[in-house]
Amino acid sequence: MTNDSPFTDSPPDLPEMLVLRFDGSGGMQRLDQPAERTPASGFDWVHLRRDAPATHGRLLALGIDEVVIHALTAQETRPRCTVHGNGVVLVLRGVNLNPGADPEDMISVRLWLEEHRVVGVWMRPLYAVGDLIAAGERGQGALTPGDFVTKLALRLADRAEPAVAALNEVVDDLETELDTGEGVHMRRRLSDTRRQAIMLRRYLVPQRDALTTLEIEDLPWLAHTERMRLREAAERVSRLGEELDAIRDRAQVVQDQIMDRRSEVMNRQMLLLSVVAAIFLPLGLLSGMLGMNVGGVPGADLPAAFWIVTALMAAIGVGLWGVFRWMGFRG
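These numbers come from a predicted model, not from an experiment.

Novice: Would you mind going over the environment of arginine 110 with me for this structure?
Specialist: Among the structural elements, arginine 110 can be located in strand β6 (residues 107–113). Owing to a relative accessible area of 1%, arginine 110 belongs among the buried residues under this scheme. Sequence separation of arginine 110 and proline 79 is 31 residues, and the distance between their C-alpha atoms is 8.9 Å. Polar side-chain contacts of arginine 110 include one of 2.8 Å to the side chain of serine 108.

Shown next, in the form of structure tokens:
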């Protein structure tokens, strides 16, 4: 992609520590170590790799409370927003677009937000984070921590939209294929699509709640325009959640149609077997009676008796078949 694109075409590297200073006017510079003091204007962004041995000590050196450190370094996280003192613990999730990964295997972004500092912890590279770094390198970086989190939330939604659109296209294809036939491969694709939609929705719906909570919190460093953009990001995430609900419902309708068709085919097959049994039941009774090894069987001494009985049974079979067709069977 060119530099004019709002997205990067590759995820950022995953160093043990990434320190960036935003000057409050869109500019950004990289630092080797976190500054001892936060800047008077703009803010610092310190991003640490969770599994690095020095991460816990670095978080303590930044003056972060143990409760916050535990929230940032927890093994499993769900999107949430929690105010702690003068800062906010914000956990978001982004679609995994790394090569060879499943999009529904969403990557967490754990942030500690203060008036002049953002501290993040990551476990895997995320394209949305790369988007923010690339914007800062172009002189279009975030102006404040509130601006930072709004841009991140919008980038996460932007990155999730293609994955949701791809699921919509899969369901469209399945609905089209349903008119031409159904096979094992179709049921497998349908199952995978429903699973992906459920997994994506599992994190996107709490993410909407987390952004909404941040918007209404009484934080003096969160500007009105930033709250409006947080509301916009929450609405976009909410819309994605509604699309995932629709995908799940459409997939369920396709599944029901597949089951109805299978039941219809099975019922027709059972009806055919029932008709065949009903036709041959009286014929079997007739042939059984004429085959009894007792005296007095009609036609035992008549040379043409076999052909007469055969013709009679054929006539009875054709007559029964005609009766069933007249009653509505069209097997």
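After that view of the structure, there is still more to cover.
Novice: Can you walk me through the sheet that holds strand β7 (residues 117–122) in this structure?
Specialist: If you walk across this open sheet you meet the seven strands as β2-β1-β3-β7-β6-β5-β4, and the pairing is mixed. Unpaired on one side and paired on the other, β2 (28–31) and β4 (80–84) mark the two borders of the sheet. Looking at each pair of strands side by side, their axes are set apart by 20° on average, direction ignored. Bridge count for strand β1 (residues 17–22) against strand β3 (residues 43–49) is six bridges, and the pairing is antiparallel. The partner of valine 19 across the bridge, within β3, is valine 46. Lying over the sheet, helix α2 (residues 66–73) contacts β4, β5 (87–94), β6 and β7, oriented at roughly 160° with respect to β6.

Novice: Looking at this model, I keep getting lost on the packing of aromatic side chains. Mind explaining?
Specialist: Describing an aromatic ring pair means giving the distance of the ring centres and the angle of the ring planes. Counted according to the given criterion, the structure contains four aromatic pairs. A ring pair is formed by phenylalanine 43 and phenylalanine 148, whose centres lie 6.0 Å apart and whose planes are at 70°; its orientation type is edge-to-face. Taken together, the positions of phenylalanine 43 in strand β3 and phenylalanine 148 in helix α4 (residues 145–177) put the pair 105 residues apart, joining distant regions of the chain. Both residues of the pair, phenylalanine 43 and phenylalanine 148, count as buried. Three or more aromatic residues joined by ring pairs make a cluster, and in this case those are Phe22, Phe43, Trp45 and Phe148. Taking NZ or CZ as reference, arginine 93 lies 4.3 Å from the ring centre of tyrosine 203, over its face.

Basis of the calculations
Residues numbered from 1 in each chain as written. Predicted model: local features only at pLDDT ≥ 70, side-chain atom pairs only at ≥ 80, totals over all residues. Heavy atoms only, no water. Helix = DSSP H or I, 4+ residues; strand = E, 2+ residues; numbered from the N terminus. Buried < 20%, exposed > 50% of the residue type's maximum accessible area, 1.4 Å probe, protein only. Polar contact = N/O pair within 3.5 Å; in protein donor to acceptor, adjacent residues only side chain to side chain. Pairing = 2+ DSSP bridges. Axes fitted to C-alpha atoms, helices over the stretch in contact; angles between N-to-C directions. Contact = heavy atoms within 4.5 Å. Phe/Tyr/Trp six-rings, centres within 6.5 Å; stacked < 30°, edge-to-face > 60°. Lys NZ or Arg CZ within 6 Å of the ring centre and 35° of its normal.

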